[in-house]
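Observations on chain architecture
Each chain, letter by letter, is given below.
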Amino acid sequence: MRHTEFWARLEHALGATYYRTWADQFVMADLGGRTAREALDAGVPPKQVWAAVWAALELPASER
C-alpha cells in the first residue's frame, strides 16, 4: 500500500473534513502510542498503519 492509498482509505472512512485531524490526534497502542501521522513519519509502512486504523475504527472486513 502506498501513502496515497492510505490517505484515500482514511478519507473514505472518516470523511474529508475530519480524517486529517483524526490522523494527527488519535493515539493508537498498536502503533507504539503514536498517531497515524507520527507512525508514517517514523517510517512505519502504510499497510501496517492502516491495519491499526482499521482495528481502532472497527471497520468492516471489506475495508481491510
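In this report, the structure presented in the accompanying data block is examined.

1. Here we look at the overall build of the protein
- If you tally the helices and strands in the protein, you get four helices and two strands.
- Moving toward the C terminus, one meets the helices and strands of the protein in the order α-α-β-β-α-α.
- Taken over C-alpha atoms, the radius of gyration comes to 10 Å for the protein, in line with the 11 Å a tight globule of 64 residues would show.
- Reported as C-alpha extents along the three principal axes, the dimensions of the protein are approximately 25 × 25 × 20 Å.
- Counting all 64 residues of the protein, 31% fall into the buried class.
- A sequence separation of at least 24 residues applies to 42% of the contacts in the protein between residues at least 6 apart.

2. Some thoughts on the nonpolar core
- Membership of the largest hydrophobic core comes to 18 residues, with the highest contact counts inside it found for F6, L10, V49 and V53.
- Counting only elements with at least two residues in this core, the list comes to α1 (3-14), α2 (19-25), α3 (36-41) and α4 (46-57).
- For this core, the leading source of residues is α4, giving five residues.
- Those residues in contact with L10 that sit more than four places away from it in its chain are G15, Y19, W22, A23, W50, V53 and L57.

3. Focus on the packing of aromatic side chains
- Across all of its chains, the model carries four aromatic pairs by this definition.
- Over the face of the ring belonging to W7 we find R20, whose NZ or CZ atom lies 4.6 Å from the ring centre.
- The ring of W54 is capped by R64, whose NZ or CZ atom sits 4.0 Å from the centre of that ring.

Criteria and thresholds
Residue positions within a chain follow its written sequence, with the count starting from 1. Local features in this predicted model are restricted to residues whose pLDDT is 70 or higher, and side-chain atom pairs enter the listing and the counts only when it is 80 or higher, whereas totals over whole chains, interfaces and linings include all residues. Only hydrogens and water are set aside when side-chain values are computed; all heavy atoms of the structure are taken into account. By the criteria applied, helices consist of DSSP H or I runs no shorter than four residues and strands consist of E runs no shorter than two, each listed in order from the N terminus. Within these notes, the globule rule equals 2.2 Å times the number of residues to the 0.38 power, and the radius of gyration is based on C-alpha atoms. Any residue under 20% of the maximum accessible area for its type is buried, any over 50% is exposed, and the rest in between are partly exposed; the area is computed with a 1.4 Å probe on protein chains only. We call two residues contacting when some pair of their heavy atoms lies within 4.5 Å. For our purposes a nonpolar core is just a set of buried Ala, Val, Leu, Ile, Met, Phe, Trp, Tyr and Cys residues, chained together by side-chain atoms within 4.5 Å. Only Phe, Tyr and Trp rings are paired, with Trp represented by its six-membered ring, and only when their centres lie within 6.5 Å; those with planes under 30 degrees apart are stacked, over 60 edge-to-face, the remainder tilted. As a reminder, the over-ring test applies to NZ of lysine and CZ of arginine, requiring each to be within 6 Å of the ring centre and within 35 degrees of the ring normal.

Geometric descriptors of this kind do not, in isolation, establish any biological role.
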